[in-house]
Amino acid sequence: QGTALLLAPFAIRELVVSGIPPLSIAQWGTFLLAAASYSVLCVAFAMSIQFTTVSNATILTNSQSILLVAGKMLVGHQVVFLEASRHGYLQYI
């Protein structure tokens, strides 16, 4: 949530200066899906506080990138070194 608030002035300035960029239907769909997913993430985090501690909710929220990399490995997609190291596999070695 803090990142979105921090970057909002830059995004608003860019929209004022350049206008709304011409996007295809697929790009608009991706944009709307990403916005909806981020909203669900924020609401789920706020709701999870009622059922667990703040530390557990934070750990579960931040583990999504590790789960995505693990999912890529399970289905056989290539995982590059920087992707694995950035998402925590090599940070705990």
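Per-chain numbering applies: the sequence of each chain, read as written, is numbered from 1 onward. Under the rules for a predicted model, residues below a pLDDT of 70 receive no local features and side-chain atom pairs below 80 are neither given nor counted, while totals for whole chains, interfaces and linings still include all residues. Calculation of side-chain values draws on the structure's entire complement of heavy atoms; hydrogens and water are dropped beforehand.

Going along the chain from the N terminus, every DSSP run of H or I of four or more residues is numbered as a helix, and every run of E of two or more is numbered as a strand. Regarding its fold elements, the protein presents 5 helices and 0 strands. Listing every helix and strand of the protein by position from the N terminus yields α-α-α-α-α. A simple rule labels every residue: compare its accessible area, found with a 1.4 Å probe on the protein chains alone, to the largest value its type can have, and call it buried under 20%, exposed over 50%, or partly exposed in between. Within the protein, the proportion of its 93 residues that are buried is 9%. In short, Shrake-Rupley with a 1.4 Å probe defines the accessible areas, and a residue's cover is counted only from the protein chains shown. Carbon together with sulfur atoms contributes 73% to the accessible area of the protein, which is approximately 7700 Å² in total.

To continue, consider a nonpolar patch on the surface. Put simply, a patch holds well-exposed residues, over 30% relative accessible area, that have no salt bridge, with like charges counted together within 9 Å and Val, Leu, Ile, Met, Phe, Trp or Tyr side chains within 5 Å. Only one rule defines a salt bridge in this text: a Lys or Arg side-chain nitrogen within 4 Å of an Asp or Glu carboxyl oxygen. On the surface, a nonpolar cluster with roughly 600 Å² of combined accessible area is contributed by L15, I20, L23, W28, F31 and L32. Looking at the nonpolar patch, the element that brings in the most residues is helix α2 (residues 25-48), giving 3 residues. Within the fold, I20 resides in the loop between α1 (2-18) and α2. Overall, the relative accessible area of 64% leaves I20 in the exposed class.

Confidence scores per residue from the predictor, reported as pLDDT, run from 0 to 100. Predicted confidence across the protein gives a mean pLDDT of 81, with 86% of residues reaching 70 or more. The weakest mean pLDDT in the protein belongs to helix α5 (residues 81-86) at 65; the strongest belongs to α1 at 90.

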